[in-house]
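Spelled out from the first residue to the last, the chains are:
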Amino acid sequence: MINFSLSPEQVLLQKKARDFAQSEIKSNADKIYQSKDPNIAPWDFCKGVFHKGAELGFTSLLLPQEYGGMGKKCVDFVLVQEELGAADVTIACSYFNLTASMSLFVTRGGTEQQRQRILSYVNSGAPHLFSAAESEPNVATSDIFCPIPDSKIGMRTLAQRDGDSYVLYGNKSGLITNGGIADAYFILARTSLDVPMRESLSMFYVPADTPGLSFGKRTEMIGWKPSHHAEIHLDNVRVPLDHLIGQEGQAGVLLGMLPEVAIGLAASYVGLARAAYEYALDYAKQRVSWGKPLIEHQAVALKLADMMVNTQAARLMVWDAAYTADTNPQVAATVKAPAAKTFAVDVAIKNAQTAMEIFGGYGTTTECQAGKLLNDAWIGYSCDFTRDILRLGLVNFM
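This one's a predicted model, so the numbers in the text were calculated from it and none came from an experiment. (Residues numbered from 1 in each chain as written. Predicted model: local features only at pLDDT ≥ 70, side-chain atom pairs only at ≥ 80, totals over all residues. Heavy atoms only, no water.)

Undergrad: Would you explain the overall build of the protein in this entry?
TA: Per the secondary structure count, the protein includes 13 helices and 10 strands. Since a compact globule built from 398 residues should have a radius of gyration of about 21 Å, the 21 Å found for the protein is in line with a globular shape. Expressed along its principal axes, the backbone C-alpha trace of the protein runs to roughly 80 × 55 × 45 Å. For the protein, with 398 residues in total, the buried portion stands at 53%. Counted over contacts in the protein with a minimum sequence separation of 6, partners at least 24 positions apart contribute 74%. Of the roughly 17600 Å² of accessible surface on the protein, a fraction of 54% belongs to carbon and sulfur atoms. For the protein, the separation between the mean place of its 35 positive charges and that of its 41 negative charges on side chains is 4 Å. (Helix = DSSP H or I, 4+ residues; strand = E, 2+ residues; numbered from the N terminus. Rg over C-alpha atoms; globule rule 2.2 N^0.38 Å. Buried < 20%, exposed > 50% of the residue type's maximum accessible area, 1.4 Å probe, protein only. Contact = heavy atoms within 4.5 Å. Areas by Shrake-Rupley, 256 points an atom, 1.4 Å probe, with all protein chains shown as cover. Lys, Arg positive; Asp, Glu negative; His and termini not counted. Charge placed at Lys NZ, Arg CZ, Asp CG, Glu CD.)

This is the structure we're talking about:
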């Protein structure tokens, strides 16, 4: 029999995440959104929040206990991410989901020496913010999925072996999450531009203080105001050979070993969908039209019912993907994770849009949160690959 009930331990974990999200994430996110300073540095507000969350174990939730982590399952992870996403999807995705997931590249694809060295921060009490650098200017990130064996297609960032080091050259686009503020970067680069990208794409661990690594100005986005995205420039960035994660040409395999990135992102967007529903529901109970609360008008009541149903459907899809990640990672990575991510984002967009409708004219003002939720929701459409490329990928496994 299928059991959807949470264990007492999971209920406590969920409550801990909810309390933290409401007391720390929401208050700091509100300060960022309410600021009129065009030069605001969101990380100044979020760094303390990130460190407090790391102390609670939210960034090491998935790490095995032998490396200082909590040794939890992906199902536990999505419970946390939904609560963080309900408070602010940007902080949940940019800082907590990305860092918690990226560390698994090391546990699953790295050597024991790399695990001990790179993950030592967990026991040191000095939280590390991670970033994944894939996107490049004038190169579609979806080229990763291109089956055409043409060496001219794909990323141009190059990593050349030179004695006991690799030297990295190239540029990453202004869409790199945590670019310029992360403590370390997982950078995708090709070890040869003369063979197809699938055979040459490799992953390198690059600490932020590595000489030759520099960053552009912060990218302004329509939403995700608490985030920090920036270009990355690699000018003769030299790293030791043991900073290669896995083998040369295995980056695609490593990406396929990490369904948690998309699943955690999906859970965060379930949180946004839930927040939009609860926000609209509260307003509909208080706002009066034609002598009665909006919720007593069938047109509004039906909208709210759809929001609730869609949120529940997205949550169950995410839970299923998380369970599959713990039991059958390959199916999770190829089918369940992309399906859950695209559906959860679709629901978040729809719920935020419906909230705008319920709020009417007030929903178009900056004082109302509905517009902010909608802008944040739309960013999820192309975050961690676009909805279209992920859905096209599902066709290969039907």
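Having put the structure on the table, let's press on.
Undergrad: Please clarify how helix H11 (residues 329–359) should be interpreted in this entry.
TA: A turn of α-helix holds 3.6 residues, and therefore any two residues three or four places apart point the same way. Taking 1.5 Å per residue as the helical rise, H11 with its 31 residues ought to reach 45 Å, and the 42 Å between its terminal C-alpha atoms agrees with that figure. The first or second residue beyond H11 is Gly360, which carries a positive phi of 60°. (Expected span 1.5 Å × (residues − 1).)

Undergrad: Explain the packing of helix H3 (residues 74–87) against helix H4 (residues 89–109) to me, please; I cannot follow it from the model alone.
TA: Remark: H3 packs on H4, axes separated minimally by 7 Å, with the N-to-C direction vectors making an angle of 150°. By the angle class used here, H3 and H4 are roughly antiparallel. Of the residues in H4, those touching H3 at Phe77, Gln81, Leu84, Gly85 and Ala87 are Val89, Ala92, Phe96, Asn97, Ala100 and Ser101. Here the contact of H3 with H4 is built from residues that sort into 7 nonpolar, 4 polar and no charged. (Axes fitted to C-alpha atoms, helices over the stretch in contact; angles between N-to-C directions. Parallel < 35°, antiparallel > 145°, perpendicular 65-115°, else oblique. Nonpolar A, V, L, I, M, F, W, Y, C, P; charged D, E, K, R; others polar.)

Undergrad: In this structure, what is going on with the nonpolar core? I would like to understand it.
TA: In this structure, Ile25, Tyr95, Phe96, Met102, Leu168 and Phe204 are the most contacted members of the largest nonpolar core, which totals 72 residues. Looking at which element gives the most residues to this core, the answer is H4, with 10 residues. Dropping the residues within four chain positions of it, Tyr95 is found in contact with Trp43, Cys46, Phe50, Thr90, Leu129, Asn178, Ile181, Pro226, Ser227 and His228. Grouped together as the second largest cluster of nonpolar side chains are 50 residues, Val89, Ala262, Leu281 and Ile349 included. (Core = buried A, V, L, I, M, F, W, Y, C linked by side-chain atoms within 4.5 Å.)

Undergrad: Would you take a moment to explain the pairing of strand S7 (residues 229–240) for this structure?
TA: Walk down a regular strand and you will see the side chains alternate between the two sheet faces. Pairing of strand S3 (residues 165–177) with S7 involves 9 bridges; the strand directions are antiparallel. Across the sheet, the residue bridging to Leu168 is Val237, located in S7. As paired strands, strand S6 (residues 213–218) and S7 are joined by 4 bridges and run antiparallel to one another. Along S7, the bridge assignment pairs Leu213 with Leu234. (Pairing = 2+ DSSP bridges.)

Undergrad: I would appreciate a short explanation of the UniProt feature "domain: Acyl-CoA dehydrogenase/oxidase N-terminal" (unreviewed entry) in the protein in the present structure.
TA: Here, the residues flagged by UniProt with the feature "domain: Acyl-CoA dehydrogenase/oxidase N-terminal" (unreviewed entry) are residues 7–125. Note that residues 7–125 is 74% helix and 0% strand, and that its end C-alpha atoms are spaced 29 Å apart. (UniProt positions renumbered as here; feature names shortened; annotations may be inferred.)

Undergrad: Honestly, the environment of Pro196 in this entry has me stumped. Any pointers?
TA: Here Pro196 is to be found in the loop between strand S4 (184–190) and helix H7 (197–200). Separated by 48 residues in the primary sequence, Pro196 and Ile148 have C-alpha atoms spaced 8.1 Å apart. Excluding anything up to four places from it in sequence, Pro196 contacts Pro149, Asp150, Ser151 and Arg190.

Undergrad: Before we go on, may I ask you to explain the UniProt feature "domain: Acyl-CoA dehydrogenase/oxidase C-terminal" (unreviewed entry) in the protein in this structure?
TA: The feature "domain: Acyl-CoA dehydrogenase/oxidase C-terminal" (unreviewed entry), as annotated in UniProt, sits at residues 257–378 in this numbering. In residues 257–378, helix accounts for 80% and strand for 3%; the two terminal C-alpha atoms are 27 Å from one another.

Undergrad: Which parts of the structure should I look at to understand the packing of aromatic side chains?
TA: Where two aromatic rings form a pair, the distance of their centres and the angle of their planes describe that pair. Going through the model one piece at a time under the given rule, you end up with 17 aromatic pairs. Ring-pair connections join several aromatic residues into one group, and the members of that group are Phe20, Trp43, Phe50, Phe58, Tyr95 and Phe96. (Phe/Tyr/Trp six-rings, centres within 6.5 Å; stacked < 30°, edge-to-face > 60°.)

Undergrad: I tried to follow unusual backbone geometry on my own but got confused; where do I start?
TA: For residues that are not glycine, phi is negative in most cases, and the peptide bond is trans in most cases. Despite not being glycine, Asn178 has its phi angle at roughly 70°, a positive value. Here Asn178 lies in the loop between S3 and S4. Residue classification places Asn178 among the buried residues on the basis of a relative accessible area of 0%. Phi at Asp384 takes a positive value of approximately 60°, unusual for a residue other than glycine. One can find Asp384 in the loop between helix H12 (370–382) and helix H13 (387–395). On the accessibility criterion, Asp384 (25% relative accessible area) is partly exposed.

Undergrad: What am I meant to see in the side chain of Thr99 here?
TA: When you line up the elements, Thr99 lands in helix H4. Within the structure, Thr99 has its side chain in polar contact with the backbone nitrogen of Phe130 (distance 3.2 Å). Thr99 has contacts with Phe50, Thr59, His128, Leu129 and Phe130, leaving out every residue within four places of it along the chain. (Polar contact = N/O pair within 3.5 Å; in protein donor to acceptor, adjacent residues only side chain to side chain.)

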